[in-house]
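Observations on the three-dimensional arrangement
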Amino acid sequence: MKLLYRGKVTKTAKYLVVAFVSAILALLIQSAFAQGEYEIAAFLAIALVSIVIVYLTDISIPFKFLLPGMLFLFAFVIGPIVYTLVMSTFQYQTGNYISKDDAISRIQLLGVEADEAGTSFDVVVGRDSAGKVAILASDILTQSYFVANKEVKRDFLSTDITLNSDGIATAAPGFTPILDSERSTLDFEVSSTRFRYSDEYFILMEGSALGVLKRQVLTYQKDKDVFVNLLDGRTFADNGKGNYADVNDPSQILQPGWRSPIWFSHYIDLFTDSEVRKPLIRVFIWTIIFASLTVLTQFSLGLLLALAMNRPIRGRRIYRSIFILPYAMPSIMSILIWGGMFDTEFGAINNLFGTDIAWFQNALFARAAVIIVNLWLGFPYFYLICSGALQAIPTELSEAAAIDGATPRQIFSKITLPLLLQIVAPLLVASFAFNFNNFNLIYLLTGGGPSSPLDGDIAGATDILISYTYKIAFGTNIQNLGLASAISVIIFIIIASISLYGVRKSKVLDTFV
Amino acid sequence: MSKWLRENLWRHLVALLVSFFALFPIYLVIISSINPTGSLQVTSFIPKAVSFINFTKLFNDPTIPYLIWMKNSLVIAGTVAVLSVVVGAASAFAFSRLRFKGKRSGIQLLLLVQMFPALLALSAVYVIMERVYTFAPAIGLGTQPGLLLVYMGGAMGVNIWLLKGFVDSIPIELDEAARVDGASAVQTYWLIFVPLATPVLAVVSLLSFIGTFNEFIMARLFLVDMNSRTVAVGLQGFIGGQYSQNWGPFAAGSIIASVPIVIIFLSLQKYIINGLTAGSVKG
């Protein structure tokens, strides 16, 4: 009876949760669709349908367990991985950020020019007799006055209208100036309207009381997909890289561009374009050195400590707790603290050792600082690992060797170390892979610096691949998401190969059924 | 005596040197936090005066909403810790115990995914959440719920993988006995697996907590508004490379932010060290 009752309650709760989640998803789908985000809407729709099918029918019991986790994985891990792959085949950077249609309308909007004389008018904004937004413009010099909306321009004589003391028209028949309260709501419409002047010219507002005579210089020819400059006849065609470029001089491009598929150009650039390749290779080499040195120093100190503590000496417990502390601290806080300690002028390191080293301004010292801090952050990990591994090595082996007359040094190098390395090898590989992408350390300690941005070089001396990629994608000057994605894909291939090698070593794959 | 020297002296020397290295920054930040001048410069290793002015400044200065940052961090990390394990445990159970089509390739995919550093897809996540923002401003870029969703997804791979490893180690005879007694998969999950796994679920969720608390770059990209920042982003922005200014309050803030993590870590030491050998690396 009790079980039956509980069953009913859980069933009702289940329906309520499914209904609630479905309702939220449906709302999201509807608004995503309305905003033209079709890929996201499609994903959400698949999520909605699978949730309803899996939880309201008994089609598959395992999927009742799997579905939520899988949806999260697909939405925020696998989806972004696929998206990274897609982005890496696109020209996608500052200046090439919008869709092609948006870019065309932006170019049309920007492709205007003032007439040679630079004619301008004093303008009052208002509505004409039809209630449309219109301007009452006055040219004091030629004493010409007119009311214009988007389509029609009507001239007036100075006798028909009201002038103020400066000779600017303030009222005309059939024209009502807008109220101040209306001004802010109409602001966008007024500033984006092209008020008619002649067949060729129109007036654009600059500020609230000045209209400037302009004409369209760049026109889009839809059938040929080109822009033509009406003044000098130059033609701009789609250059296949997300911009309209002058057909005679490809270096002349129109802004803005759009994100355009360029297939493997980024990957080809990585290997052939020396401006991309040179800093990348430099960063790559330092990444390898950084990760190797880190693993080597952390492991060596950890092993030394483990050997020293491998015997019940006095105070071992206290030592042990002290050694673990750096590992227990949140690494972000530790890195920031170390950053202060390396400060040139007031930092504790220069103060304590009486040195005057500009740690973060000199490439070599900055690299040393990065390694020292990472040693501090990571040696406890290897201390713990090596202590465990030393316990796991049977003592019979070294005892037998000692009986055969081996010195402690020989026992260590011929027996203990090889056995230990065998145990920790996969962890060394994993640690290498982790440090290969140790973004926080580099970003928070040195910011990748020192670098010489004057040379147009965004890669600093301590930048590793991942921090360099971040700078390319989210830098202050140019944000090149396409190129950054291509580098990310390369890094992933490297990391995946390293990790798979490590996994194979650690025999995780053997447990696959 | 000489034998003791030969055998043990070097051990103590090594241990003392490394202890000095390990404790140096921690000691330094502690004496900085109680140094009334709030200066970065260390003039003496024994504090001349003790004051809590840096702490009061941290709590009362309206330009440093430290307590709000701390609350944000705890709430975000706590939510991720709980939800990602609730969701992950169910998937891990299915991967370990239930039979279904495509299980093998599912596990292989999971293995690959949990190796993937979330940072690599950063630009993609950024662009996707930027697009989400256009139609659902409440969960898009720049919002805590959006960040939470991204963290949930990011924690999923590793959590499912770790938990699957644990479920694999529970003897399958228990399930079989339950099935013979007529239990459904759902009942096996709730009545056998969850009670057995509670300590492990707690450990994995605390590890998620530490990982999320330590996450910096997504939080920085996502949370622009001063009052929505996490403590890591907040303190980093507050000190902003200018170490000589604000050092005192920063030291105080970093100590307070570290205490909960250190406590969690030390109390879980045994489990974490076991987990270490399984190949997980703490961030």
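Cut-offs applied
- Residues numbered from 1 in each chain as written.
- Chains lettered and ligands numbered in written order.
- Predicted model: local features only at pLDDT ≥ 70, side-chain atom pairs only at ≥ 80, totals over all residues.
- Heavy atoms only, no water.
- Helix = DSSP H or I, 4+ residues; strand = E, 2+ residues; numbered from the N terminus.
- Buried < 20%, exposed > 50% of the residue type's maximum accessible area, 1.4 Å probe, protein only.
- Contact = heavy atoms within 4.5 Å.
- Patch = residues over 30% accessible without salt bridge, like charges linked within 9 Å, V, L, I, M, F, W, Y side chains within 5 Å.
- Areas by Shrake-Rupley, 256 points an atom, 1.4 Å probe, with all protein chains shown as cover.
- Salt bridge = Lys/Arg side-chain N within 4 Å of Asp/Glu carboxyl O.
- 1 Å grid on protein atoms, 1.4 Å probe; cavity = no way out; pocket = protein on both sides within 12 Å on 5 of 7 lines; lining within 4 Å.
- Points joined across faces, edges and corners; volume = space filled by probe spheres on them.
- Pairing = 2+ DSSP bridges.
- Axes fitted to C-alpha atoms, helices over the stretch in contact; angles between N-to-C directions.
- Expected span 1.5 Å × (residues − 1).
- pLDDT = per-residue confidence, 0-100.
- Parallel < 35°, antiparallel > 145°, perpendicular 65-115°, else oblique.
- Left-handed = near helix turned anticlockwise from the far one by under 90°.
- Nonpolar A, V, L, I, M, F, W, Y, C, P; charged D, E, K, R; others polar.
- Buried area = accessible area lost by both parts, 1.4 Å probe.
- Polar contact = N/O pair within 3.5 Å; in protein donor to acceptor, adjacent residues only side chain to side chain.
- Core = buried A, V, L, I, M, F, W, Y, C linked by side-chain atoms within 4.5 Å.
- Phe/Tyr/Trp six-rings, centres within 6.5 Å; stacked < 30°, edge-to-face > 60°.
- Lys NZ or Arg CZ within 6 Å of the ring centre and 35° of its normal.

Brief notes about the overall build of chain B
- In terms of regular secondary structure, chain B is built from eleven helices and zero strands.
- Overall, chain B shows an N-to-C arrangement of helices and strands of α-α-α-α-α-α-α-α-α-α-α.
- In terms of overall dimensions, chain B has a C-alpha envelope of 70 × 70 × 30 Å along the principal axes.
- A total of 283 residues make up chain B; the buried ones form 54% of that total.
- Pairs at least 24 apart in sequence give 69% of the contacts found in chain B among residues at least 6 apart.

A short note on a nonpolar patch on the surface
Residue and element names in this part refer to chain A.
- Taken together, Ile281, Phe284, Ile285, Ile288, Ile289, Leu293 and Leu296 make up a surface patch of nonpolar side chains, about 560 Å² in accessible area.
- Along the chain, Leu293 turns up in helix α7 (residues 274-308).
- Its relative accessible area of 35% is what places Leu293 among the partly exposed residues.

Here's the deal with empty space enclosed by the protein
- Summed over all chains, the structure comprises three cavities of 30 Å³ or more.
- Taken as a whole, the largest cavity holds about 80 Å³ of empty space.
- Surrounding the largest cavity, A:Phe439, A:Ile466, A:Thr469, A:Tyr470, A:Ala473, A:Phe474, A:Ser488, B:Leu119, B:Leu120, B:Leu122 and B:Ser123 form its lining.
- Elements represented by at least two residues in the lining of the largest cavity include exactly α15 (465-474) of chain A together with α5 (122-135) of chain B.
- Among the elements that make up the lining of the largest cavity, the one with the highest residue count is α15(A) (five residues).

Considering unusual backbone geometry
Residues and elements named next belong to chain A.
- Look at the link from Gln255 to Pro256: it is a cis peptide, with omega at -5°.
- With respect to the helices, strands and loops of the structure, Pro256 is situated in the loop between β16 (244-246) and β17 (260-261).
- Of note in the backbone geometry, Asp225 takes a positive phi value of approximately 55° without being a glycine.
- Relative to the assigned elements, Asp225 resides in the loop between β13 (218-221) and β14 (226-229).

Looking at the sheet that holds β14(A)
Residues and elements named next belong to chain A.
- Spatial ordering of the open sheet is given by β13-β14-β15-β16, a layout of four strands whose pairing is antiparallel. Of all strands in the sheet, those bounded by a partner on one side alone are β13 and β16. For this sheet, the mean inter-axis angle between neighbouring strands, taken without regard to orientation, is 30°.
- Two strands pair when backbone bridges link them, and strand β15 (residues 235-238) and β16 are joined in this way by three bridges, in the antiparallel orientation. From the neighbouring strand, Ala237 faces β16, where its bridge partner is Ala245.

Here's the deal with helix α2 (residues 38-56) of chain A
- Taking 1.5 Å of rise per residue, 19 residues should cover 27 Å, and α2(A) covers 26 Å from first to last C-alpha, within 8% of that figure.
- Those residues of α2(A) lying buried are A:Ile40, A:Ala41, A:Leu44, A:Ala47, A:Leu48, A:Ser50, A:Ile51, A:Val54 and A:Tyr55.

Thoughts on the pattern of salt bridges
- Under the definition given, this model contains 16 salt bridges over all chains.
- Here B:Arg131 ties to A:Glu37 by a salt bridge, and the two come within 2.6 Å at their closest N and O atoms. Residue B:Arg131 is found in helix α5, and its partner A:Glu37 is found in the loop between α1 (2-34) and α2; the two belong to separate chains. For the pair shown, B:Arg131 and A:Glu37 are each scored as buried.
- Of the charged contacts in the structure, one is a salt bridge between A:Glu151 and A:Lys132, with a shortest N-O distance of 3.2 Å. In this pair, A:Glu151 sits in the loop between β5 (144-148) and β6 (153-156) while A:Lys132 sits in the loop between β3 (120-127) and β4 (133-139), placing the two residues 19 residues apart along the sequence.
- Judged by its relative accessible area of 42%, A:Lys132 falls in the partly exposed class.
- Among the charged side chains, a network of salt bridges with common partners joins A:Glu37, A:Glu39 and B:Arg131.

Focus on the confidence of the model for chain B
All names here are of chain B.
- Across chain B, the average pLDDT comes to 86, with 95% of residues at or above 70.
- Across chain B, element-level confidence peaks in helix α3 (residues 66-97) with a mean pLDDT of 94 and bottoms out in helix α11 (residues 247-277) with 82.
- When the criterion is pLDDT under 50, residues 279-283 qualifies, and its contacts beyond four places in sequence or with other chains add up to 15 contacts.
- Scored as a complex, the prediction yields pTM 0.85 and ipTM 0.90.

Topic: the packing of α3(B) against helix α4 (residues 103-115) of chain B
Residues and elements named next belong to chain B.
- Two elements in contact, α3 and α4, have axes separated by 10 Å at closest approach and are oriented at 130°. Relative to α4, the element α3 is oriented oblique. Handedness of the α3/α4 crossing: left-handed. Contact with α3, carried on its side by Phe95, Ser96 and Arg97, involves Lys103, Gly106, Ile107 and Leu110 of α4 and no other residues of that element.
- For the contact of α3 with α4, the residue count by class is three nonpolar, two polar and two charged.

Focus: the interface of chain A and chain B
- Listed by partner, the interface residues are 97 residues for chain A and 102 residues for chain B.
- Here chain A packs against chain B, burying approximately 9,000 Å² in sum over the two surfaces, 79% of which is carbon and sulfur.
- On inspection of chain A and its partner chain B, the count reaches two salt bridges.
- Inspection of the region where chain A meets chain B yields 14 residue pairs in polar contact (both at pLDDT 80 or more).
- With 17 residues, the single largest contributor to the side of chain A that touches chain B is helix α3 (residues 61-87) of chain A.
- For the side of chain A that touches chain B, the residue count by class is 76 nonpolar, 15 polar and six charged.

Overview of the pairing of β15(A)
Residue and element names in this part refer to chain A.
- Pairing of β14 with β15, which is carried by three bridges, proceeds in the antiparallel orientation. Paired with Val228 across the bridge in β15 is Thr235.
- Count of turn residues in the β14/β15 antiparallel hairpin: five residues, of which Gly233 carries a positive phi of about 75°.
- Counting the residues that bridge the hairpin from β15 to β16 gives five residues, and of these Gly240 lies at a positive phi of roughly 80°.

What about the nonpolar core?
- Counting residues in each nonpolar core, the largest one holds 212 residues, and the members touching the most others are A:Phe323, A:Trp338, A:Phe379, B:Phe193, B:Ile217 and B:Val231.
- Setting aside chain neighbours within four positions, we find B:Ile217 in contact with A:Phe439, A:Tyr443, A:Tyr470, B:Leu119 and B:Leu122.
- One finds A:Val125, A:Ile135, A:Met205 and A:Leu213 within the second-largest nonpolar core, a separate group that totals 16 residues.

Side note on the packing of aromatic side chains
- The tally for this structure, following the rule as stated, stands at 46 aromatic pairs over all chains.
- Aromatic side chains A:Trp286 and A:Phe290 sit 5.9 Å apart centroid to centroid with 45° between the ring planes, which places their arrangement in the tilted category. Of this pair, A:Trp286 and A:Phe290 both sit in helix α7, four residues apart, roughly one helical turn.
- Residue A:Trp286 is classed as buried on the basis of its relative accessible area of 5%.
- With 5.0 Å between their ring centres and 15° between their planes, A:Phe439 and A:Tyr443 make a pair best called stacked. One end of the pair, A:Phe439, and the other, A:Tyr443, are both in helix α14 (residues 439-445), four residues apart, so they sit about a helical turn from each other. When sorted by exposure, A:Phe439 lands in the same class as A:Tyr443, which is buried.
- What links up through ring pairs into an aromatic cluster is the set A:Trp338, A:Phe342, A:Trp359, A:Phe360, A:Phe365, A:Trp376, A:Phe379 and B:Phe21.
- A:Lys153 extends its terminal NZ or CZ atom over the ring of A:Phe146, reaching a point 4.8 Å from the ring centre.

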